[in-house]
2 protein chains.
Amino acid sequence: MRSDINLAVVGATGLVGRKILKVLEERDFNYKSLTLLASEKSAGQIINLNRKEHIVSGIKDSSFDNIDIALFSAGGSASKIFAPIAAQSGCIVVDNSSAWRMDENVPLIVPEVNPDDLKGHRGIIANPNCSTIQMVLALQTVHELFGLKKVVCSTYQSISGAGQKGISQLKDEIEGRIPDTRISPYQLAYNTVFHSFSEGNNYTEEELKMVNEPRKILHLPHLEMEVTCVRIPVLGGHGESLYIETEKEVDVSKLKSAYEETAGIVLTDKPENDIYPMILSAEDKDSVFIGRIRKAVNSSKALNMWVVADNLRKGAATNAVQIAELIAVNDLWEFDL
Amino acid sequence: MRSDINLAVVGATGLVGRKILKVLEERDFNYKSLTLLASEKSAGQIINLNRKEHIVSGIKDSSFDNIDIALFSAGGSASKIFAPIAAQSGCIVVDNSSAWRMDENVPLIVPEVNPDDLKGHRGIIANPNCSTIQMVLALQTVHELFGLKKVVCSTYQSISGAGQKGISQLKDEIEGRIPDTRISPYQLAYNTVFHSFSEGNNYTEEELKMVNEPRKILHLPHLEMEVTCVRIPVLGGHGESLYIETEKEVDVSKLKSAYEETAGIVLTDKPENDIYPMILSAEDKDSVFIGRIRKAVNSSKALNMWVVADNLRKGAATNAVQIAELIAVNDLWEFDL
């Protein structure tokens, strides 16, 4: 493995950017140099990492000239502009936005699920949507054992998915202040709201991501996905209620054993002791927690379950860093545009 | 209609009991006398109603001797004991607990859905579970238009479903106090928890109610119901994400028009203007709010929707008072045990 990696984090001052830096430090990612990039208005900020001070630079076309890999988390518009520029300079981009996910030349990667899709990448690699990542980890094992037919998912999503502004709005409302920034025209505290609607569509953008991304990651272009995404007043992570129909008969104990042996998954399922995945206990953890696994009421070829993960960690930062690790470990540095 | 009704409210000091009193006042329920009953430990409390003071009496076997109708909301054990005693004395019981709901001699009533099931009652009438009531109102119209085949429901339930103790625990946690009473060993604030598990079962009691009660109310004993019930940190009402498979092709605009003409339902569905049902805006309303109605992604014989109602009102108090009104209007006072 190379020890001369020049690494950049784009959007280093944002909620996910800062989490990426934390995860890089925790996992002891081996780099030679670390460049922190952000929009011009955040340039000059100082961030401490590994007991060193790093100054954030404003992003520009030449920012990637000597960078080997850049972890982007600066929103879709910045990724649309700068990811191709970076790739042109020979820098691999791991992009956390939705800008490139459905591009057929861009692999969409969950390291535990489809690592082989990284081979032959063309410089830009996409990190899936937070709620997609935890779901496909749960679905992959079901597919291997019983064959996936249909998935109905309802999400219980953390306000932190909308970044620092979302957290501020919720906290201000709960503590009785008038929020000075808001991500929703509606109150978040003691309420549920939906994400932005997709133009001319009754589905939200978040729901469409959760319909399309799993099909690509799991290589099941016709997988029947039905999704309702809801934001609830929590901060620690996302919950997902899944109803899954399968090709073969479901064997719950077989599935539980398989989950216990799957990297990235923690089986948390002892209803007799009131033990199940919770949003609060998933906070700041890198795993996907699965529980409430039970045969469907009406069919032996269906099951229900409950899946929780920290949306900023496995749903964003951790997954992105894991992709970078995969590239390093498998020496996937070379690419054709 | 009689104007000499002797009315009792059992569990008058509880969260639902007080809401029943409020709803009786608002709807101007015509009674001659009102008796407030509760456990011995609440006896002696004074409750103001219609500008009159009412003293709460401790419940005993003779409490129902001169009562025509009693609205019970004092928990399952009290209903198990006192509902038959009341009925023996000729008093009709409208019971809000789960004690009698699945008894084949007890009608389970949502006035907009199955009012005819009241005929031939034997003195005890059951009010369905809060989350059931709002769901069957939504399902009834779908069934009439397209035929129900399968329903997958995930709930987003208010802590107020656990009574005053639930509200206190959540508020204490949010305001940084150590709760002196709790309904869950887990923190409710910024978290999601499940209801009590049904003994020897991976389903919760709440989930099993939502599987069984709609089948009885809709007269569809084989309706395929798959349910996951989740408590979220809200107070104003319950949300429900519904995926519904139908016998015939779904026509969304036909369904919307039908909802607009259905008593008890408010269609709240303009995604282009970010208008959809919310838990906060349903609070203290008697209607069921339906929105996010959209064709399924994968089938023309399926749809998704979002249903919200105040669980203490339409989910409990209002529905119970409406049952009492039905009895009065249709003169269903006589019954055989």
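Residues numbered from 1 in each chain as written. Chains lettered and ligands numbered in written order. Predicted model: local features only at pLDDT ≥ 70, side-chain atom pairs only at ≥ 80, totals over all residues. Heavy atoms only, no water.

### Comments concerning the relation of the copies chain A and chain B
Okay, so step 1: By a simple turn and slide, chain A fits onto chain B: the slide is 0.0 Å along the axis, the RMSD is 0.0 Å, and the turn is 180°. Here the transformation between the copies is reduced to the relation of a two-fold axis.
Okay, so step 2: Both copies contact each other with a shared surface, as 98% of the interface residues of chain A are interface residues in chain B too. (Least-squares fit on C-alpha atoms with pLDDT ≥ 70 in both. Contact = heavy atoms within 4.5 Å.)

### Considerations on the pattern of salt bridges
Okay, so step 1: Using the criterion set out here, one finds 39 salt bridges over all chains in the structure.
Okay, so step 2: One salt bridge connects Arg182(A) with Glu173(A), and the closest N-O pair in it is separated by 4.0 Å.
Okay, so step 3: Overall, Arg182(A) belongs to the partly exposed group, its relative accessible area being 41%.
Okay, so step 4: The salt bridge partner of Asp172(B) is Arg177(B), with a shortest N-O separation of 2.8 Å.
Okay, so step 5: Since its relative accessible area comes to 43%, Arg177(B) is described here as partly exposed. (Salt bridge = Lys/Arg side-chain N within 4 Å of Asp/Glu carboxyl O. Buried < 20%, exposed > 50% of the residue type's maximum accessible area, 1.4 Å probe, protein only.)

### What about the side chain of Asp95(A)?
Residues and elements named next belong to chain A.
Okay, so step 1: Tracing the backbone through its elements, the reader meets Asp 95 in strand 7 (residues 92–95).
Okay, so step 2: Lacking a salt bridge, the buried Asp 95 has Arg 101 as its closest oppositely charged neighbour, with an N-O distance of 6.8 Å.
Okay, so step 3: Within polar-contact distance, the side chain of Asp 95 engages the side chain of Ser 79 at 2.6 Å.
Okay, so step 4: When sequence neighbours within four positions are dropped, the list of residues in contact with Asp 95 reads Phe 72, Ser 79, Trp 100, Ile 125, Ala 126 and Asn 127. (Helix = DSSP H or I, 4+ residues; strand = E, 2+ residues; numbered from the N terminus. Lys, Arg positive; Asp, Glu negative; His and termini not counted. Polar contact = N/O pair within 3.5 Å; in protein donor to acceptor, adjacent residues only side chain to side chain.)

### Section: the side chain of Ser158(A)
Residues and elements named next belong to chain A.
Okay, so step 1: Mapped onto the fold, Ser 158 is located in the loop between strand 9 (148–157) and helix 4 (164–174).
Okay, so step 2: The exposure class assigned to Ser 158 is buried, which follows from its relative accessible area of 0%.
Okay, so step 3: In this view, Ser 158 contacts Arg 231, Ile 232, Val 234, Leu 235, Gly 236, Gly 237, His 238 and Asn 311; residues no more than four positions away in its chain are not counted.

### Things to note about the interface of chain A and chain B
Okay, so step 1: Chain A puts 55 residues into the contact, and the matching count from chain B is 54 residues.
Okay, so step 2: Summed over both sides, the interface of chain A with chain B buries roughly 5000 Å², with 56% coming from carbon and sulfur.
Okay, so step 3: Scanning the region where chain A abuts chain B turns up six salt bridges.
Okay, so step 4: There are 40 residue pairs in polar contact (both at pLDDT 80 or more) connecting chain A and chain B.
Okay, so step 5: Sorting the residues of the side of chain A that touches chain B by element identifies strand 9, helix 4, helix 5 (205–217), strand 10 (224–231), strand 11 (238–246), helix 7 (279–282), strand 13 (288–295) and strand 14 (302–309) of chain A as the ones contributing at least two each.
Okay, so step 6: For the side of chain A that touches chain B, the element with the highest residue contribution is strand 10 of chain A, accounting for six residues. (Buried area = accessible area lost by both parts, 1.4 Å probe.)

### Digging into the sheet that holds strand 12 (residues 265–267) of chain A
Two modes of strand pairing occur in sheets, parallel and antiparallel, and in both the strands are linked by backbone hydrogen bonds.
Residues and elements named next belong to chain A.
Okay, so step 1: The strand order across the open sheet formed by six strands is 10-9-11-14-13-12, and the pairing between neighbours is mixed. Only two strands of the sheet have a single neighbouring strand rather than two, namely strand 10 and strand 12. Each strand of the sheet is rotated relative to its neighbour by a mean of 20°, with strand direction disregarded.
Okay, so step 2: Note that strand 9 and strand 11 share eight bridges and pair antiparallel. What sits directly across from Ser 154, in strand 11, is Ser 241. (Pairing = 2+ DSSP bridges. Axes fitted to C-alpha atoms, helices over the stretch in contact; angles between N-to-C directions.)

### Things to note about the sheet that holds strand 11 (residues 238–246) of chain B
Residue and element names in this part refer to chain B.
Okay, so step 1: Taken in spatial order, the six strands make up an open sheet running 10-9-11-14-13-12, and their pairing is mixed. Pairing within the sheet leaves two strands with one partner each, and these edge strands are strand 10 (224–228) and strand 12 (265–267). Direction aside, the axes of adjacent strands within the sheet are offset by 25° on average.
Okay, so step 2: Across five bridges, strand 9 (residues 148–156) lies against strand 10 in parallel orientation. Considered in strand 10, the bridge of Cys 153 is made with Val 227.
Okay, so step 3: Taken strand by strand, helix 6 (residues 252–260) contacts strand 12, strand 13 (288–295) and strand 14 (302–309), and its axis lies near 170° from that of strand 13.

### A look at the environment of Leu21(A)
Residue and element names in this part refer to chain A.
Okay, so step 1: Among the structural elements, Leu 21 can be located in helix 1 (residues 15–26).
Okay, so step 2: Here Leu 21 falls in the buried class, since its relative accessible area comes to 3%.
Okay, so step 3: Here the alpha-carbon distance between Leu 21 and Lys 60, two residues 39 residues apart in the chain, equals 21 Å.

### Comments concerning the nonpolar core
Okay, so step 1: If you look at the biggest cluster of nonpolar residues, it comprises 93 residues, and the most contacted ones within it are Phe64(B), Ile69(B), Leu242(B), Met305(B) and Ile327(B).
Okay, so step 2: With residues up to four places along the chain from it excluded, the contact list for Phe64(B) reads Val10(B), Leu37(B), Ile59(B), Ala70(B), Phe72(B), Phe82(B), Ala86(B), Ser89(B) and Cys91(B). (Core = buried A, V, L, I, M, F, W, Y, C linked by side-chain atoms within 4.5 Å.)

### Let's talk about unusual backbone geometry
Okay, so step 1: Phi angles above zero are rare outside glycine, and Asp331(A) is one such case at about 55°.
Okay, so step 2: Turning to its location among the elements, Asp331(A) is positioned in the segment after helix 8 (313–329).

### Side note on the confidence of the model for chain A
Okay, so step 1: Of all residues in chain A, 100% have pLDDT values of 70 or greater, and the mean over the chain is 96.
Okay, so step 2: For this predicted complex, the interface score ipTM comes out at 0.97, alongside a pTM of 0.97. (pLDDT = per-residue confidence, 0-100.)

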